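Observations on the model geometry
Read off the chains here:
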Amino acid sequence: MAVIVRPEDLATLCRAALERVGVRPDAAASVADALVAAECMGIPSHGMSRLPQYVDQAAVGKVRGDAVPRVETPFPAVVRVDAACGFAYPAIDAGLAVAVPLAKRMGCAVMGVTDSHHCGVGGLHVERAARQGLVALLFANTPAAMAPWGGNRASFGTNPVAFACPPVALPGRGEGTGAPDSPDSPDGSGADRPDPLVLDLSLSTVARGRIVDAARVGRPIPEGWAVAADGRPTTDPAVALGGMLLPFGGAKGAALALMVELLSASLTGSNHAFEATSFLDAEGGPPRTGQCMVLLSPQAFGADFAERAAALLGHVLDQPGTRLPGARRFELQRRALREGVPVPRPLHEELLQRAGMV
């Protein structure tokens, strides 16, 4: 049984629960916005189910609720953010406030975030840059969950990759790369603005959060998602969480996970996956993981990006049965803003308790 909750009420619960354990109000608001957006987009594994874990970790200092991100520009087109073992969301917010105008001025910018934490739905961060006219990529490492190809010890995380490009109008369709009624339009209807194209994927066959969700409700997982610690295939989510996830695409997925590890951890001076503590419990010290974002201004390259992108995306959509990545998330988000978000009743009751509202 689920409870239908308005997004703004979920955000209020989130902020209250975090502030009760000493999280700065601005950081609590940043976390709440990200978790509620994930719920609205139909990604509950990165939504409100994360809040109890975040609260417990903030309560014991595994993530610092009082951290103030420090932003530096050591080179003309480089932004370096020290999350100070706080939440990733406010650190990325602070970095993008500098990196987006820098990329527009310089033509490109690279942002590295160090000593960070779980950054949630990577697509939300690149979407924000895309709505401001930039092409954006994000690479993030996570605590160890996958072995290198042929190995038997977890060396890489699920290591998400996200990409977004600015909204482009598709002539004759009355829509853009996502849908015509983007929720961030001035009047709230979004009728005057298309959505950006957003790609967001983890390099494991499935995001770890989906296995966590399955374990919580006692639902088996499909074979091929993970293996037990001894390498045996398993459909038991609890066994999977004690074992290793499998990369998508076999050796190619494992190679991409290595690339992300180098970009997000080695490059930023953050913990590698095998050095990081879990995002899922309050044990141990801060994870100190990292994120790297690349921002590109289409104007810097001289081509008519919007026209060329529209030609490509239109060619894709002209084929029966196709749709663009991310479109469903925007559809679900608009529905949630109109109708509310379904939250499992036990989780809703826990959120109320943690927020001190019962």
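It should be noted that the structure appears before, not after, this text.
The structure contained in this document is the topic of the report that follows. (Residues numbered from 1 in each chain as written. Predicted model: local features only at pLDDT ≥ 70, side-chain atom pairs only at ≥ 80, totals over all residues. Heavy atoms only, no water.)

Take helix α4 (residues 88–106) next. In this model, α4 (19 residues) spans 25 Å end to end at C-alpha, consistent with the 27 Å of a helix rising 1.5 Å per residue. Its axis deflected by about 30° at Leu96, α4 carries its strongest bend there. Among the residues of α4, Ala88, Tyr89, Pro90, Ala91, Ile92, Gly95, Leu96, Ala99, Val100, Leu102 and Ala103 are the ones counted as buried. Looking at the residues trailing α4, positive phi occurs at Gly107, about 95°. (Helix = DSSP H or I, 4+ residues; strand = E, 2+ residues; numbered from the N terminus. Expected span 1.5 Å × (residues − 1). Bend = angle between axes of the 7 residues up to and from the residue. Buried < 20%, exposed > 50% of the residue type's maximum accessible area, 1.4 Å probe, protein only.)

This part takes up the packing of aromatic side chains. Each aromatic ring pair is specified by the distance between its two centres and by the angle formed by the two planes. This model, assessed by the stated rule, comprises 2 aromatic pairs. Centre to centre, the rings of Tyr54 and Tyr89 are 6.3 Å apart; their planes meet at 55°, and the pair counts as tilted. Remark: Tyr89 occurs in helix α4 and Tyr54 occurs in helix α3 (residues 51–60); sequence separation between them is 35 residues. Relative accessible area serves as the criterion here: at 0%, Tyr54 is assigned to the buried category. According to the relative accessible area criterion, Tyr89 is buried, its value standing at 2%. Cluster of aromatic residues (ring-pair linked, three or more members): Tyr54, Phe87 and Tyr89. (Phe/Tyr/Trp six-rings, centres within 6.5 Å; stacked < 30°, edge-to-face > 60°.)

Moving on, we get to the pattern of salt bridges. Under the defined criterion, the tally for this structure stands at 19 salt bridges. Between Asp26 and Arg24 there is a salt bridge whose closest N-O contact spans 3.2 Å. Using a relative accessible area of 48% as the deciding quantity, one classes Asp26 as partly exposed. Exposure remark for Arg24: the relative accessible area of 31% places this residue in the partly exposed category. In this structure, Arg70 and Glu72 form a salt bridge, with 3.9 Å as the shortest nitrogen-oxygen distance. (Salt bridge = Lys/Arg side-chain N within 4 Å of Asp/Glu carboxyl O.)

Relative to the elements of secondary structure, Pro325 occurs in the loop between α9 (305–317) and α10 (327–339). Once the C-alpha coordinates of Pro325 and Val198 are considered, the two residues, 127 residues apart in sequence, prove to be 6.2 Å apart.

As enumerated under the stated definition, the model contains 3 cavities of 30 Å³ or more in all. Here the largest cavity is characterised by a volume of approximately 50 Å³. Forming the boundary of the largest cavity are Met41, Gly123, Leu124, Glu127, Val198, Gly326, Arg329 and Phe330. Those elements that provide at least two residues to the lining of the largest cavity are α5 (122–130) and α10. Grouping the constituent residues of the lining of the largest cavity by class yields 4 nonpolar, 2 polar and 2 charged. (1 Å grid on protein atoms, 1.4 Å probe; cavity = no way out; pocket = protein on both sides within 12 Å on 5 of 7 lines; lining within 4 Å. Points joined across faces, edges and corners; volume = space filled by probe spheres on them. Nonpolar A, V, L, I, M, F, W, Y, C, P; charged D, E, K, R; others polar.)

Moving on to a nonpolar patch on the surface. On the surface, Leu199, Leu201, Phe248, Leu256 and Met259 cluster together into a nonpolar patch covering about 350 Å² of accessible area. Secondary structure elements with two or more residues in the nonpolar patch: β7 (197–201) and α8 (251–266). Along the chain, Met259 turns up in helix α8. Relative accessible area serves as the criterion here: at 35%, Met259 is assigned to the partly exposed category. (Patch = residues over 30% accessible without salt bridge, like charges linked within 9 Å, V, L, I, M, F, W, Y side chains within 5 Å. Areas by Shrake-Rupley, 256 points an atom, 1.4 Å probe, with all protein chains shown as cover.)

Any functional reading would require information that these geometric values do not contain.
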